[in-house]
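Overview (structure and organization)
Spelled out, the chains give:
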Amino acid sequence: MESWTAFGILAVNGISDWRKGEICLIPTAAAGFAGILWQLIARREEGVGLLLSVLPGLLLAALSRMTEGRIGMGDGIAVSAAGIWMGFYSILRVLIWGLLMAAGAAMILLMQKSKRKELPLVPFLAAAFLTERIWVIL
C-alpha cells in the first residue's frame, strides 16, 4: 500500500508537471508529512531510515540550486515525498530508471530536431514506477 501512495504522488505531480510545468506543492508536502507520521508511528521507523529515504530528493533539490533551476525544485520535493513512502532503495531505483527514460526521450527529441527544450522529470518517474511494478509481476 505504501509504495502505491508514492505512485499517487508521482502520478498526480507527473500530470501537473507535464501540463503546467510545476508540481502541486501543498498536496505533495502534505503527503510527505503524512508519510513521516506513518513511518514514525505505524512502522516505528528510525530517523536514519527516514533521512535516507528523502536523500535522493534532497540531492535533486541541491542540483536545482546548482543548475539555477534547470532541474526543478519541485522534482526534488516530489522525489522526497515519494521516497518517504517507498524507502531509499526503491526510490533510488525509480529515480535511476526515470532518468534513463527521460534521457531516451530527450535523445528522440534531439534526433527529430524538436523545438521543445525542456522535459518534465516526474512523469518519467511515474512511468518508471509502473514499469518496475510490471517487471516484478512478470
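All values reported here derive from a predicted model rather than from experimental measurement.

The subject of this paragraph is the environment of Arg19. With respect to the helices and strands, Arg19 occurs in helix α1 (residues 2-20). Note: C-alpha distance between Arg19 and Pro120 (101 residues apart in sequence) is 9.3 Å.

What follows concerns the environment of Gly98. Counting through the fold element by element, Gly98 comes out in helix α5 (residues 88-111). Taking relative accessible area as the criterion, Gly98 reaches 0% and is therefore assigned buried. The spatial distance from the C-alpha of Gly98 to the C-alpha of Ala127 is 7.1 Å, given a sequence separation of 29 residues. Filtering out sequence-adjacent residues up to four positions away, Gly98 remains in contact with Leu121, Phe124, Leu125 and Ala128.

On to the packing of α1 against helix α2 (residues 25-42), then. It is at 11 Å that the axes of α1 and α2 come closest, and there the two elements cross at 170 degrees. Judged by the inter-axis angle, α1 sits roughly antiparallel to α2. Of the residues in α2, those in contact with Glu2, Ile9 and Asn13 of α1 are Thr28, Ala31, Trp38 and Gln39. The residue makeup of the contact of α1 with α2, split by class, is three nonpolar, three polar and one charged.

Its place among the elements puts Ser53 in helix α3 (residues 47-66). From its side chain, Ser53 meets the backbone oxygen of Leu50 in a polar contact 2.7 Å long. For Ser53, the contacting residues outside a window of four places in its chain are Gly83, Ile84, Gly87, Phe88 and Ile91.

On to the pattern of salt bridges. Evaluation of the coordinates by the stated rule reveals two salt bridges. Between Arg93 and Glu132 there is a salt bridge; the shortest N-O distance is 2.7 Å. Placement of Arg93 in helix α5 and of Glu132 in helix α6 (residues 122-137) is noted, with a sequence separation of 39 residues between them. The exposure class of Arg93 is partly exposed, given its relative accessible area of 38%. Residues Arg133 and Glu132 are paired through a salt bridge, measuring 3.6 Å at the closest nitrogen-oxygen approach. Per residue, the accessibility class of Arg133 equals that of Glu132, and both read buried. Connected through shared salt-bridge partners, Arg93, Glu132 and Arg133 make up one network.

Our next topic: α5. The terminal C-alpha atoms of α5 lie 35 Å apart, and with 24 residues this matches the ideal 34 Å at 1.5 Å per residue to within 8%. Its buried side turned inward, α5 meets α1, α3, α4 (73-86) and α6.

Reading guide: rules and limits
Residues numbered from 1 in each chain as written. Predicted model: local features only at pLDDT ≥ 70, side-chain atom pairs only at ≥ 80, totals over all residues. Heavy atoms only, no water. Helix = DSSP H or I, 4+ residues; strand = E, 2+ residues; numbered from the N terminus. Buried < 20%, exposed > 50% of the residue type's maximum accessible area, 1.4 Å probe, protein only. Contact = heavy atoms within 4.5 Å. Axes fitted to C-alpha atoms, helices over the stretch in contact; angles between N-to-C directions. Parallel < 35°, antiparallel > 145°, perpendicular 65-115°, else oblique. Nonpolar A, V, L, I, M, F, W, Y, C, P; charged D, E, K, R; others polar. Polar contact = N/O pair within 3.5 Å; in protein donor to acceptor, adjacent residues only side chain to side chain. Salt bridge = Lys/Arg side-chain N within 4 Å of Asp/Glu carboxyl O. Expected span 1.5 Å × (residues − 1).

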